[in-house]
Amino acid sequence: MMMPSIFRENLWNDWMDFSFPELDGKLYGKRGEHIMKTDVKEHEQEYEVDIELPGFKKEEVKAELKDGYLTVSAAKEVNNDQKDENGKYVRRERYSGNMSRTFFVGETVKQEEIHAKFEDGVLALTIPKKDARKQVEEKRYVTIE
């Protein structure tokens with residue numbers, strides 16, 4: 001049975017303060033609109049990562065590589081003004097605020113090797129595959145006199 005969604009995910013869940021998984025219908029749960037939905041494809045030489053950022057501009061998106069972790073963040077100005085020249089908002093569903101997501105890409109990947117393109121609300125990243133080199137453990141003995 002489907003219930004109309006008026007103010008949140010499901011009118012039934014708002015009234016009853018609990019949820020039925022079959023009625024929620026969202027892959028990411030109740031707060032799924034605040035998650036960067038991501039697809040990762042593996043190719044022979046690289047990974048292709050597509051992150052959905054609808055409504056964001058290129059200038060509002062950042063990608064930082066630090067200590068083997070790639071952090072993608074997006075920030076949209078929060079506008080609490082409920083009126084504009086055309087009237088008052090009754091409901092606002094577009095996300096505004098900050099969000100980020102971090103991926104471990106390996107300590108051998110360098111910033112210059114990652115290619116990024118932002119188009120139609122999707123950040124497309126190409127990240128090279130690097131062989132995880134197993135470090136040979138050095139045996140360190142203490143000299144006994």
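See the structure shown above.
Residues numbered from 1 in each chain as written. Predicted model: local features only at pLDDT ≥ 70, side-chain atom pairs only at ≥ 80, totals over all residues. Heavy atoms only, no water.

The helix and strand tally for the protein chain stands at two helices and nine strands. Scanning the protein chain from its N terminus toward the C terminus, one meets helices and strands in the order α-α-β-β-β-β-β-β-β-β-β. Of all 145 residues assigned to the protein chain, the portion counted as buried reaches 21%. Partitioning the intrachain contacts of the protein chain with sequence separation of at least 6 by distance along the chain shows that 48% fall at a separation of at least 24. Accessible surface computed for the protein chain: about 12400 Å², of which carbon and sulfur atoms make up 48%. (Helix = DSSP H or I, 4+ residues; strand = E, 2+ residues; numbered from the N terminus. Buried < 20%, exposed > 50% of the residue type's maximum accessible area, 1.4 Å probe, protein only. Contact = heavy atoms within 4.5 Å. Areas by Shrake-Rupley, 256 points an atom, 1.4 Å probe, with all protein chains shown as cover.)

What follows concerns unusual backbone geometry. Phi at aspartate 67 takes a positive value of approximately 55°, unusual for a residue other than glycine. Of note in this structure, aspartate 120 is not a glycine but carries a positive phi near 55°. As for its placement among the helices and strands, aspartate 120 is situated in the loop between strand 8 (115-119) and strand 9 (122-128). Judged by its relative accessible area of 75%, aspartate 120 is exposed.

Bringing the sheet that holds strand 8 into the picture now. Each strand in a sheet pairs with another by means of backbone hydrogen bonds, the pair being arranged parallel or else antiparallel. Taken in spatial order, the four strands line up as 1-2-9-8 in an open sheet, and their pairing is antiparallel. Both outer strands of the open sheet, strand 1 (38-42) and strand 8, are each paired with one neighbouring strand and no more. Put simply, the sheet's adjacent strands are angled 15° from each other on average, direction ignored. Bridging between strand 1 and strand 2 (residues 46-52) involves five bridges; their strand directions are antiparallel. Opposite valine 40, over in strand 2, you have valine 49 as the bridge partner. (Pairing = 2+ DSSP bridges. Axes fitted to C-alpha atoms, helices over the stretch in contact; angles between N-to-C directions.)

Every other side chain in a regular strand lies on the same face of the sheet, so the side chains alternate between the two faces. Strand 8 sits mainly on the outside: zero of its five residues count as buried. Across five bridges, strand 8 lies against strand 9 in antiparallel orientation. Note that in strand 9 the partner of glutamate 119 across the bridge is valine 122. Between the end of strand 8 and the start of strand 9, which pair antiparallel, lie two residues, with aspartate 120 showing a positive phi angle near 55°.

This part takes up the pattern of salt bridges. Following the criterion strictly, the structure yields five salt bridges and no others. Across the pair glutamate 113 and lysine 130 runs a salt bridge, and its minimum N-O distance is 2.8 Å. Remark: lysine 130 occurs in the segment after strand 9 and glutamate 113 occurs in the loop between strand 7 (97-104) and strand 8; sequence separation between them is 17 residues. Judged by relative accessible area, glutamate 113 falls into the partly exposed class, the value being 26%. Owing to a relative accessible area of 37%, lysine 130 belongs among the partly exposed residues under this scheme. (Salt bridge = Lys/Arg side-chain N within 4 Å of Asp/Glu carboxyl O.)

The next subject is the nonpolar core. By size, the foremost hydrophobic cluster in this structure holds 17 residues, and its most contacted members are Ile51, Leu53, Val72, Leu125 and Ile127. Contributions of two or more residues to this core are made by strand 2, strand 4 (69-76), strand 7 and strand 9. Residue contacts for isoleucine 127: discarding those within four places in its chain leaves Glu46, Tyr47, Val49, Leu70, Val105, Val109 and Ile114. (Core = buried A, V, L, I, M, F, W, Y, C linked by side-chain atoms within 4.5 Å.)

What follows covers the sheet that holds strand 4. In spatial order, the strands read 3-4-7; together these three strands make up an open sheet with antiparallel pairing. Two strands bound the open sheet, and with one partner strand each, they are strand 3 (61-66) and strand 7. Adjacent strand axes in the sheet meet at a mean angle of 15° when their direction is disregarded. As defined by bridge partners, strand 3 adjoins strand 4 across six bridges and the pair is classed as antiparallel. Looking at strand 4, one finds that glutamate 64 is bridged to threonine 71.

None of this, on its own, says anything about what the molecule does.
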